[in-house]
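Chain by chain, the residues:
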Amino acid sequence: MKLFNPGGERGSAMSYAALLEKIEIMRSTLRWATRIERPDIEKLLRQANTLRDEVMQLSHKERFVQAVGAGAADAAPALSTGERRQALLARSFVFEGTFGDNPRLLDALEIAEKAAPTDLPVLVDGESGTGKELMAKVIHANGARADKPYISVNCGAIPDSLLESELFGHKKGAFTGAANDRKGKFESAHKGTIFLDEIGELPLPGQVKLLRVLQSHEIQRVGSDETIAVDARIVAATNKNLRRLIGEGTFREDLFYRLSVIHVTLPPLRERKDEIPLLIAYYGDEAAEALKRRPVALTPRLRSFLLRYAYPGNIRELRNILYRLSCLAGDTADLAHLPEDIRPSTVRTPGTPAAPAAPGNGVSLADAKRAASDEAERDCLERGLQEVGGTVAELARRWDMNRSHLQILLKKHGLHSKDFRKER
Ligand SMILES: Nc1ncnc2c1ncn2[C@@H]1O[C@H](COP(=O)(O)OP(=O)(O)OP(=O)(O)O)[C@@H](O)[C@H]1O
Ligand SMILES: [Mg+2]
């Protein structure tokens, strides 16, 4: 096993991951063994000795790298998010259309960059619509397998009875309806990447079979005795908390460790709200192009809503909303064009008092007060900006306020003075 990448600063982190993977394979081998013969014991001992030597070498090297790194960290200033993205670009990183400069997204992309050239399994988790599949494509596109197949399997969408045949293929006549020999997804992904989506939905018998394949790198088509070697890089994704599923007994712990050698978590959009303006602009243009129209303009109150909304469906939901607005609105979209289930119940005109959030339904009194106060503040700012035609300096003068404090408040509410400069 190649332990280090001499001269490469990423060597040690990846080596630990590789060691962990080896230990997992040993643990699984032991777990599955009904009895172990002397030759196998010798083999396991040899593997354990090699692992011990590798850990010792690694810790030696790690201490050296840490000592050097500690000195370097004092000297090198932390990069801004823009510089981090720029640095990825300079290293020819393939983004596959992923954009955004949020630090947590950049963390995920930087992990993907390091993981991509290795064959280590990667587990991507995050809420629905946060870009898990996109991340799997990024990992494939940045690795040595980029020109080989990328095969996606939705583990939640395959009926239990077809799972084995879908993943591993079948032999003609193996079951009713098996009219011909058929390749499974693993064979199709040979030399490339297999993306196991919704892995948390995989039933337990399927998990056992998957684990065996991950250990042996071999499959057997249903109804066949022949074993076929497969070399597929695994990327799995889930919107479930697998640790919780393990606790509930519906997901195998050994499979979890086998899949999550590298673990990437994508943050929900409500935790990277700084990206919303960019995504609105991007999907507004994309929708305009798809619908062959001019990009739709947004009223200030709709923009303000879109900047503050929680997006339970994350980026996919935001994209769908932009397509809907572009389809339904004329030149300018307003709150009324939003889907009914998310539209504010009283579409208020600026100037009317805000309806405070009622306590109850999990909203505490303090939250209700804060929400009402925020609403009132935003309304006041919108009204003020309208009165001065979007001139912040003038508004600050009228309200006898510090201009930069006013700017901070506008930023907090996602209000842009330029949106008030002309009739939209
Ligand atoms: N950072 C991003 N930049 C641009 N587009 C993104 C980004 N993240 C996600 N998207 C887009 O959002 C949509 C949803 O992404 P994707 O299908 O990868 O999410 P997912 O996490 O797999 O969702 P689900 O759990 O529902 O399957 C896609 O259209 C994707 O291109
Ligand atoms: Mg998906």
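Fair warning: this is a prediction, and the values are worked out from it, not measured in the lab. (Residues numbered from 1 in each chain as written. Chains lettered and ligands numbered in written order. Predicted model: local features only at pLDDT ≥ 70, side-chain atom pairs only at ≥ 80, totals over all residues.)

J.: I tried to follow the overall build of the chain on my own but got confused; where do I start?
T.: Helices and strands together make up the secondary structure of the chain, namely 16 helices and 11 strands. Within the chain, the fraction of its 424 residues that count as buried is 26%. When contacts within the chain are restricted to residue pairs at least 6 apart in sequence, long-range pairs at least 24 apart make up 73% of them. (Helix = DSSP H or I, 4+ residues; strand = E, 2+ residues; numbered from the N terminus. Buried ≥ 20, exposed ≤ 12 C-beta atoms within 10 Å, placed from the backbone. Contact = placed C-beta atoms within 7 Å.)

J.: What should I look at first to understand the sheet that holds strand E9 (residues 262-265) in this one?
T.: An order of E2-E5-E8-E1-E9 is seen for the five strands of this open sheet, with the pairing classed as parallel. Whereas interior strands pair on both sides, the edge strands pair on one side only; in this sheet they are strand E2 (150-154) and E9. Ignoring which end each strand starts from, the neighbouring axes of this sheet average 20° apart. Inspection of the sheet shows strand E1 (residues 122-125) paired to strand E8 (residues 233-238) by four bridges, in the parallel sense. The partner of Leu123 across the bridge, within E8, is Ala236. Packed on one face of the sheet, helix H4 (residues 103-115) meets E1 and E9 and runs near 155° to E9. Against the sheet, helix H5 (residues 132-141) engages E1, E2, strand E5 (193-197), E8 and E9, with an angle of about 165° to E8. (Pairing = 2+ DSSP bridges. Axes fitted to C-alpha atoms, helices over the stretch in contact; angles between N-to-C directions.)

J.: Just to check I follow, could you spell out the site of ligand 1 for this structure?
T.: For ligand 1, the set of nearby residues contains 17 residues, the closest of which are Ser128, Gly131, Lys132, Glu133 and Ile315. Residue assignment for the shell around ligand 1 shows that the elements contributing at least two residues are H5 and helix H13 (314-328). Taken domain by domain, the makeup of the shell around ligand 1 includes at least three residues from each of domain 2 (92-267) and domain 3 (269-347). (Near = placed C-beta within 6 Å. Domains from an automatic or database assignment.)

J.: Would you take a moment to explain the packing of helix H11 (residues 276-290) against H13 for this structure?
T.: For any two helices packed against each other, the geometry comes down to the angle between their axes and how far apart the axes lie. Put simply, H11 and H13 touch, their axes get as near as 9 Å, and they point 50° apart. It follows from the interaxial angle that H11 and H13 lie oblique. Of the two elements, H11 crosses H13, and the hand of that crossing is right-handed. Across from Leu279, Ile280, Tyr283, Gly284, Ala287 and Ala288 in H11, the residues of H13 making contact are Ile315, Leu318, Arg319, Leu322, Tyr323 and Ser326. Here the contact of H11 with H13 is built from residues that sort into nine nonpolar, two polar and one charged. (Parallel < 35°, antiparallel > 145°, perpendicular 65-115°, else oblique. Left-handed = near helix turned anticlockwise from the far one by under 90°. Nonpolar A, V, L, I, M, F, W, Y, C, P; charged D, E, K, R; others polar.)

J.: Just to check I follow, could you spell out H13 for this structure?
T.: End to end, H13 covers 21 Å across 15 residues, agreeing with the expected 21 Å (1.5 Å per residue, within 8%). The set of residues buried in H13 consists of Asn314, Ile315, Leu318, Ile321, Leu322, Leu325 and Ser326. Viewed along the axis of H13, the buried residues span an arc of 130°, placing them on a single side of the element. Here the buried face of H13 lies against H11 and strand E11 (332-333). (Expected span 1.5 Å × (residues − 1). Arc of directions from axis to C-beta.)

J.: Before we go on, may I ask you to explain the nonpolar core in this structure?
T.: Across soluble globular proteins, you tend to see nonpolar side chains buried next to one another. Membership of the largest hydrophobic core comes to 44 residues, with the highest contact counts inside it found for Ala112, Val124, Met135 and Ile139. Secondary structure elements with two or more residues in this core: H4, E1, H5, helix H6 (160-168), E5, E8, helix H10 (253-259) and E9. Those residues in contact with Ala112, other than ones at most four positions away along the chain, are Met135, Val138, Ile139, Asn142 and Val264. Grouped together as the second largest cluster of nonpolar side chains are 17 residues, Leu269, Leu306, Ala333 and Leu338 included. (Core = buried A, V, L, I, M, F, W, Y, C linked by C-beta atoms within 7 Å.)

J.: When you look at the packing of H4 against H5 in this model, what are you seeing that I'm missing?
T.: Two elements in contact, H4 and H5, have axes whose closest approach is 8 Å; the angle formed by their N-to-C orientations is 35°. H4 and H5 meet at a crossing whose hand is right-handed. Where H4 abuts H5, its residues Ala108, Ala112 and Ala115 lie against Met135, Val138 and Ile139. For the contact of H4 with H5, the class distribution of residues is six nonpolar, no polar and no charged.

J.: Which parts of the structure should I look at to understand unusual backbone geometry?
T.: The bulk of non-glycine residues show a negative phi, and the bulk of peptide bonds are trans. Although it is not a glycine, Glu96 adopts a positive phi angle of roughly 55°. You can see Glu96 is positioned in the loop between helix H3 (81-90) and H4. Of note in this structure, Asn314 is not a glycine but carries a positive phi near 55°. As for its placement among the helices and strands, Asn314 is situated in helix H13.

J.: Which parts of the structure should I look at to understand H11?
T.: Three- or four-residue spacings in an α-helix give side chains the same orientation, since the helix completes a turn every 3.6 residues. Given a rise of 1.5 Å per residue, 15 residues ought to cover 21 Å, and the 20 Å separating the end C-alpha atoms of H11 matches this to within 8%. Every buried residue belonging to H11 is among Ile276, Tyr283 and Ala287, and all of these are buried. One face of H11 carries all of its buried residues, which in axial projection span an arc of 40°. Exposed side of H11, more than 90 degrees from the buried face: Ala281 and Glu289 are the residues found there. Where H11 is buried, its residues contact helix H12 (300-308) and H13. In the stretch just after H11, Lys292 is the one whose phi turns positive, near 50°.

J.: It is not clear to me how the confidence of the model for the chain should be interpreted in this structure. Could you clarify?
T.: Note that predicted coordinates carrying low pLDDT should not be read in detail. For the chain, the mean per-residue pLDDT works out to 84, and 83% of the residues sit at or above 70. Across residues 63-74, confidence stays below pLDDT 50; counting only partners more than four residues off in sequence or on other chains, it has one contact. Of the regions scoring below 50 in pLDDT, residues 348-362 engages in 22 contacts with residues more than four places distant in sequence or in other chains. (pLDDT = per-residue confidence, 0-100.)

J.: Any chance you could explain the environment of Ile23 here in plain terms?
T.: If you trace the backbone, Ile23 turns up in helix H1 (residues 11-32). In the structure, Ile23 is positioned 235 residues away from Arg258 in sequence and 9.7 Å away in space, judged by C-alpha atoms.

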